[in-house]
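# Working through the structure, step by step
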Amino acid sequence: MNEDKAARAFEVFVAWFDAQEEPLAQSYGLLILGGLIDSGQLKVRAQILAFFVERAGLVSDYSVLDDDNRFLHFLSHFAYLAGSCVEHLNDKIDGLNGVVSALVELYLRAPTALWCGEEMLVARTMLEANLSETAFAALLARLNPEVVMQDADNWDDAAMMRWQDAVVHENHKRQLVMALHGMNVKLARKPAEMFAPIIGAHYAGMFG
């Protein structure tokens, strides 16, 4: 498929995607796009990467936050799509930094505990995405732990929900850090010493 035909085909896909009223159809549409990338027929790199970043940022507008499992479907399918980008559109240092950053942000916004190894998908994407050490370190810094405090003097239902959300958020960070470290032992993409400070910080946060 030549460049003009690929661009038109991608425009057709985007129009179809945006016309879907059912979030689940959009979610599985991400897998369709990944398949098109994997086929080698859809060589419109800039448009695909822009689509990924924009649509990942709009997930909360897809009416999925009322259903935790549907949110995780989007997260998993965006991760698989990012994997296709890594496999086929990963031709320069930091070229996928926007995609990886958007995927990490989406991962951290998941409103419930992960249940299908999503942290493994995100970790693999981060390690395989041809990121410079500077860009990777910036992403890693977003996973630094924060102290989650309970406000005993203002412990109403809203405060409890905020505390629970913060605990889930911190757990996502910890899971991703451990997945990154373990996977990097196998893949050896980044210097091992990059992970020591953040692992130490999470350990200290859990055990003092």
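Refer to the structure printed above.
Note that the coordinates shown come from a computational prediction; the quantities given were computed from them, not determined experimentally. (Residues numbered from 1 in each chain as written. Predicted model: local features only at pLDDT ≥ 70, side-chain atom pairs only at ≥ 80, totals over all residues. Heavy atoms only, no water.)

A separate point is helix α2 (residues 23-38). Note on helix geometry: an α-helix contains 3.6 residues per turn, so any two residues three or four positions apart are oriented the same way. The end-to-end C-alpha distance of α2 is 23 Å, a good match for the 22 Å that 16 residues give at a rise of 1.5 Å each. Within the span of α2, buried status applies to Pro-23, Gln-26, Ser-27, Gly-29, Leu-30, Leu-33, Gly-34 and Ile-37. On an axial view of α2, the arc spanned by its buried residues comes to 150°, and they lie on one face. Just beyond α2, the residue with positive phi is Gly-40, at close to 80°. (Helix = DSSP H or I, 4+ residues; strand = E, 2+ residues; numbered from the N terminus. Expected span 1.5 Å × (residues − 1). Buried < 20%, exposed > 50% of the residue type's maximum accessible area, 1.4 Å probe, protein only. Arc of directions from axis to C-beta.)

Turning our attention to the side chain of His-77. Summarising the element assignment, His-77 is placed in helix α4 (residues 68-88). Setting aside chain neighbours within four positions, we find His-77 in contact with Ser-27, Tyr-28, Leu-30 and Leu-31. (Contact = heavy atoms within 4.5 Å.)

Moving on, we get to the packing of helix α1 (residues 3-19) against helix α3 (residues 45-57). At their nearest, the axes of α1 and α3 sit 11 Å apart, and the two run at 15° to each other. Considering their axes alone, α1 and α3 lie roughly parallel with respect to each other. Where α1 crosses over α3, the handedness of that crossing is right-handed. For the pair α1 and α3, contact is made by Ala-7, Phe-10, Phe-13, Val-14, Phe-17 and Asp-18 and by Gln-47, Ile-48, Phe-51 and Arg-55, respectively. Residues that form the contact of α1 with α3 fall into these classes: seven nonpolar, one polar and two charged. (Axes fitted to C-alpha atoms, helices over the stretch in contact; angles between N-to-C directions. Parallel < 35°, antiparallel > 145°, perpendicular 65-115°, else oblique. Left-handed = near helix turned anticlockwise from the far one by under 90°. Nonpolar A, V, L, I, M, F, W, Y, C, P; charged D, E, K, R; others polar.)

Another aspect to go through is the pattern of salt bridges. Tallying each qualifying case throughout the model produces seven salt bridges. Among the salt bridges present, the one from Glu-54 reaches Arg-55, with a minimum N-O distance of 3.2 Å. Salt-bridge contacts for Lys-173 lead to Glu-170; the nearest nitrogen and oxygen are separated by 3.0 Å. Taken together, the residues Lys-173 and Glu-170, both in helix α8 (residues 157-187) and three residues apart, mark about one turn of the helix. As far as the burial class goes, Lys-173 and Glu-170 line up, both buried. Bridged by salt links that share partners, the residues Asp-18, Glu-54 and Arg-55 form one connected network. (Salt bridge = Lys/Arg side-chain N within 4 Å of Asp/Glu carboxyl O.)

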